[in-house]
Amino acid sequence: QVQLVESGGGLVQAGDSLRLSCAASGFIFTYYAVGWFRQAPGKEREFVAAIGSSGDTYYADSLRGRFTISRDNAKKTVSLQMNSLKVEDTDVYYCAARAGSIWTVSRQYDYWGQGTRVTVSS
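This one's a predicted model, so the numbers in the text were calculated from it and none came from an experiment.

K.L.:
In this structure, what is going on with the pairing of strand 9 (residues 91-99)? I would like to understand it.
P.N.:
Regular strands have side chains that alternate between both faces of the sheet. Extensive coverage of strand 9 is indicated by the burial of eight of its nine residues. Pairing of strand 4 (residues 32-39) with strand 9 involves eight bridges; the strand directions are antiparallel. The residue of strand 9 that forms the bridge with Trp36 is Cys95.

See below:
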């Protein structure tokens, strides 16, 4: 069964750092681009960052330079390093995978994890 499992979320204070991980299984990981999205209650899912099979990356404009995405194909994992966290970063964070190149639209992704919650307090 295809699975993407996020971990690493938690409660932090503004200015802190957090590293999220996504473990993939059940598909040929190296053929897929992997993205991170986030969603607050009642809001649409928002693109955060994505990484292609070759390691190319793309970030949401507001997060570029503060968040870093990486992947380890041998371990079938993708990480999101989140620095200088802000209250507005509070969301459930999801990893997602799609065949082909990176994309920023959630509906373009094939597989989704269950999410991990990040709460940033002031």
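K.L.:
In this structure, what is going on with the state of the cysteines? I would like to understand it.
P.N.:
One covalent bond between the sulfur atoms of two cysteine residues makes up a disulfide. The tally for this structure, following the rule as stated, stands at one disulfide. At a sulfur-sulfur separation of 2.0 Å, the disulfide partner of Cys22 is Cys95. Its S-S torsion of about 60° marks the bond between Cys22 and Cys95 as right-handed, since a negative value means left-handed. Note that Cys22 is positioned in strand 3 (residues 18-25) and Cys95 in strand 9, a separation of 73 residues in sequence. According to the relative accessible area criterion, Cys22 is buried, its value standing at 1%.

K.L.:
How should the side chain of Ser79 be read in this particular structure?
P.N.:
Tracing the sequence through the fold places Ser79 in strand 8 (residues 77-82). Assessed through its relative accessible area of 10%, Ser79 is described here as buried. Beyond its immediate sequence surroundings of up to four residues, Ser79 is in contact with Arg19, Leu20, Ser21, Trp36, Thr68, Ile69 and Ser70.

K.L.:
So what exactly am I meant to see when it comes to the environment of Pro41 here?
P.N.:
Tracing the backbone through its elements, the reader meets Pro41 in the loop between strand 4 and strand 5 (46-51). Overall, Pro41 belongs to the exposed group, its relative accessible area being 74%. Placed 17 residues apart in sequence, Pro41 and Ala24 show a C-alpha to C-alpha distance of 25 Å.

K.L.:
Would you explain the packing of aromatic side chains in this entry?
P.N.:
Each pair of aromatic rings is reported with the distance of its centres and the angle of its planes. Scanning the model with the defined rule gives 10 aromatic pairs in all. Taking 5.1 Å as the distance between ring centres and 80° as the angle between the ring planes, the aromatic pair formed by Phe37 and Tyr109 counts as edge-to-face. Here Tyr109 lies in the loop between strand 9 and strand 10 (111-112) and Phe37 lies in strand 4, a separation of 72 residues in the sequence. Overall, the relative accessible area of 6% leaves Tyr109 in the buried class. Residue placement shows Arg45 over the ring face of Tyr94; its charged tip is 3.9 Å from the ring centre. Here the guanidinium or amino end of Arg71 rests over the ring plane of Phe29, the centre of that ring lying 4.4 Å away.

The rules behind the values
- Residues numbered from 1 in each chain as written.
- Predicted model: local features only at pLDDT ≥ 70, side-chain atom pairs only at ≥ 80, totals over all residues.
- Heavy atoms only, no water.
- Buried < 20%, exposed > 50% of the residue type's maximum accessible area, 1.4 Å probe, protein only.
- Helix = DSSP H or I, 4+ residues; strand = E, 2+ residues; numbered from the N terminus.
- Pairing = 2+ DSSP bridges.
- Disulfide = S-S within 2.5 Å.
- Contact = heavy atoms within 4.5 Å.
- Phe/Tyr/Trp six-rings, centres within 6.5 Å; stacked < 30°, edge-to-face > 60°.
- Lys NZ or Arg CZ within 6 Å of the ring centre and 35° of its normal.

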